[in-house]
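Coordinates in review
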Amino acid sequence: QVQLVESGGGLVQAGGSLRLSCTVSGRTFSTYAMGWFRQGPGKEREFVAAISSWSGGTTNYADSVKGRFTVSRDNGLKTVYLQMNSLNPEDTAVYYCAARRLSYSTTYYYTQGYEYEYWGQGTQVTVSS
């Protein structure tokens, strides 16, 4: 059974930074394509960032976070990270980590929620003005 656990959320002032972590229990974490999604108050769940399997050589970001957020992975620790810089109140949301076991290639990423099979419980990020 694949389980994902997010951590690192919290309260931060606008302009500040946070790093989210997602630890995965899967035995073949390196083969998983990973993604980050978020759902803000009164909003639909939206794509944030994605990283390809293995070395994570390919990444993709939503326009709203491009240049501010960085997704990375450490296969030895079975963990994917989301470094969030220059945070603003619009970034306030519950952030979810997602995993997809099967990927077309080591350079492929996924940006739609339905493309992922496993999800974490979410971690709250609140950015104050």
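Quick summary incoming for the structure in this document. Since the structure is predicted, the reported quantities are computational estimates derived from the model, not experimental observations.

Now for the pairing of strand S8 (residues 79-84). Counted residue by residue, S8 has five buried out of six residues, so it is predominantly covered. Taken together, the six bridges between strand S3 (residues 18-24) and S8 define a ladder with antiparallel strand orientation. Bridged to Arg19 within S8 is Gln83. In this structure, the hairpin formed by strand S7 (residues 69-74) and S8 is closed by a connection of four residues, where Lys78 is found at a positive phi of approximately 50°.

What follows concerns the pairing of strand S1 (residues 4-7). Alternating positions in S1 separate cleanly, Leu4 and Glu6 being buried on one face and Val5 and Ser7 remaining unburied on the opposite face. The sheet contact formed by S1 and S3 spans four bridges and is antiparallel. Pairing of Val5 across the sheet is with Thr23, part of S3.

The phi torsion at Lys78 lies on the positive side, around 50°, for a residue other than glycine. As for its placement among the helices and strands, Lys78 is situated in the loop between S7 and S8. Although it is not a glycine, Ser86 adopts a positive phi angle of roughly 50°. Mapped onto the secondary structure, Ser86 falls in the loop between S8 and strand S9 (93-100).

Right, let's talk about the packing of aromatic side chains for a bit. Considering all chains together, one arrives at eight aromatic pairs under this definition. Ring geometry for Phe29 versus Tyr32: centroids 6.4 Å apart, planes at 75°, classification edge-to-face. Assigned by exposure class, Phe29 and Tyr32 land together as buried. One aromatic cluster is present, built from ring pairs that chain together Phe37, Phe47, Tyr104, Tyr108, Tyr110, Tyr116 and Trp119. One residue, Arg45, lies across the ring of Phe37, its end atom 5.8 Å from the ring centre.

Met34, Trp36, Leu82, Met84 and Tyr95 are the most contacted members of the largest nonpolar core, which totals 36 residues. The set of elements that each furnish at least two residues to this core consists of S3, strand S4 (33-39), strand S5 (46-51), S7, S8, S9 and strand S11 (123-128).

Here is what the cut-offs are and how they apply
Residues numbered from 1 in each chain as written. Predicted model: local features only at pLDDT ≥ 70, side-chain atom pairs only at ≥ 80, totals over all residues. Heavy atoms only, no water. Buried < 20%, exposed > 50% of the residue type's maximum accessible area, 1.4 Å probe, protein only. Helix = DSSP H or I, 4+ residues; strand = E, 2+ residues; numbered from the N terminus. Pairing = 2+ DSSP bridges. Phe/Tyr/Trp six-rings, centres within 6.5 Å; stacked < 30°, edge-to-face > 60°. Lys NZ or Arg CZ within 6 Å of the ring centre and 35° of its normal. Core = buried A, V, L, I, M, F, W, Y, C linked by side-chain atoms within 4.5 Å.

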